[in-house]
Amino acid sequence: MAKNTHLEHLEDDIVNQGKAGGLNAIKMLRELGKMLSEPNSSIRVTTKWDGAPAIVCGTDPITGYFFVGTKSVFNKTTPKIMYTQKQISDSYDNQPAVAKILSYCLKYFPSLGISGVVQGDFLFTSESKSRKVIGGEECISFQPNTITYAVPTGTPMAKMVEKAKIGIVFHTRYSGDSLSEMNAIFGVPTINSTDDVAVFSSTFTDASDAAKMNQLESQKYNSAVNKADGSLKQASAFLNLIKEQGEGRFMMNMLFKQYMNDLVRRNVEIKNAQKTADGFVDFYKAKLDQEILLKKTPTGKTKYIKIQVAGLIFLTVNRRPLYFTVASYINLISAKEMIISRLEKVKDIKTFLKTENGYEVTAPEGFVAISSGNALKLVKRREFSRANFTAAKDWENG
């Protein structure tokens, strides 16, 4: 795979890659089912920590110098690769919170003995962790992004966090002869913590078999996957067609993805396939109406009127396949969330959402399924993604 700059939700693979994405999603779901019911599976799972910002660091294969940076180290035109403290202060003078984090990383990461180039999610600094009583228990807590992590005091993990000046979870390593040409590989060799840096693991392990499915649960899960597979077979030709329908920002598959994200933002539960499909037609028309109104010239308006008319005719002709596309989306989410509910039973650290009324227990952000070089997010979007869309990020605001 290329750079790990953005992971896609499992169900979105059907609009990103069409029929091939559907086949990939079903394959991953079947392997996840095997992982939780059989001794052998070709799939790996990592826990998705809700850290921020993303940190890329290691030895630059060209210069041989240790560097740190955010995902911007992979910028095509102006990569921001930080070798010195002065570079950090100069490059991030308008982002003091990010500058402080990168400064800490450059100061403390060389002692970790990192081999090559790795990527992780930043978790805390000495200033951002604190002792709190959460859920009636005294904890060391930190909130890097949306989720608050709480480690009960007196545990080995709490002692590690309390001692450390910064915390990080590494999840991706890179291979290649230069940063611009590197490819991501999920999973990193063990990187041990030091007194200054608490290094957490992203590897999902279930030593107690808490996530394992029994025979009845496996049958129910396989039935859900078969249902998704069946609807995808009805939608597969259409999924390839919507990748070609439209132009620029108004490619139909991308507008469909925007529509689904909009439903998540508005906390709309996606249950009725026909109602949701009809809603997409309205969403599509409204997006083009908005663009047509913005155009000042008849030529500009005509261009988008033609795109809109062609798109609405296309959706009318393909009303039934659109229904099965939405049904596939719903069915994939249903099967995916059955897997997530099992994986969530394994908890090494407590997770909460901070609300006006205190802290509410929440699940981890989610998981990443990795198979044959492909990686897809497993997240309960209505429970987590909506909060993430609206949450204020302290590290961004400084």
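See above for the structure.
Residues numbered from 1 in each chain as written. Predicted model: local features only at pLDDT ≥ 70, side-chain atom pairs only at ≥ 80, totals over all residues. Heavy atoms only, no water.

A. The sheet that holds strand 13 (residues 366-371), seen in detail. What the three strands build is an open sheet, ordered 1-13-14; its pairing is antiparallel. This sheet does not close on itself; its edge strands, each paired only once, are strand 1 (44-48) and strand 14 (374-378). Averaged over all pairs of adjacent strands, the angle between their axes in this sheet comes to 25°, without regard to strand direction. With five bridges connecting them, strand 1 and strand 13 associate as antiparallel partners. Opposite Arg-44, over in strand 13, you have Ile-370 as the bridge partner. Along the sheet, helix 2 (residues 19-35) contacts strand 1, strand 13 and strand 14; its crossing angle with strand 14, the most-contacted strand, is approximately 75°. Here helix 10 (residues 319-343) sits on the sheet in contact with strand 1, strand 13 and strand 14, set at roughly 80° to strand 14. (Pairing = 2+ DSSP bridges. Helix = DSSP H or I, 4+ residues; strand = E, 2+ residues; numbered from the N terminus. Axes fitted to C-alpha atoms, helices over the stretch in contact; angles between N-to-C directions. Contact = heavy atoms within 4.5 Å.)

B. Examining empty space enclosed by the protein more closely. Counting across every chain of the model gives one cavity of 30 Å³ or more. Here the largest cavity defines a volume of roughly 60 Å³. Looking at the lining of the largest cavity residue by residue, the classes come out as four nonpolar, two polar and four charged. (1 Å grid on protein atoms, 1.4 Å probe; cavity = no way out; pocket = protein on both sides within 12 Å on 5 of 7 lines; lining within 4 Å. Points joined across faces, edges and corners; volume = space filled by probe spheres on them. Nonpolar A, V, L, I, M, F, W, Y, C, P; charged D, E, K, R; others polar.)

C. Here's a closer look at the pattern of salt bridges. Taken as a whole, this structure holds 22 salt bridges when the rule is applied. Across the salt bridge formed by Glu-31 and Lys-34, the nearest N and O atoms sit 3.5 Å from each other. Highlighted residues: Glu-31 and Lys-34, both in helix 2, separated by three residues, approximately one helical turn. According to the relative accessible area criterion, Lys-34 is partly exposed, its value standing at 32%. The shortest N-O distance in the salt bridge between Arg-131 and Glu-138 comes to 3.1 Å. Taking relative accessible area as the criterion, Arg-131 reaches 44% and is therefore assigned partly exposed. What you see here is one network of salt bridges that share partners, running through Glu-11, Asp-12, Lys-336 and Arg-381. (Salt bridge = Lys/Arg side-chain N within 4 Å of Asp/Glu carboxyl O. Buried < 20%, exposed > 50% of the residue type's maximum accessible area, 1.4 Å probe, protein only.)

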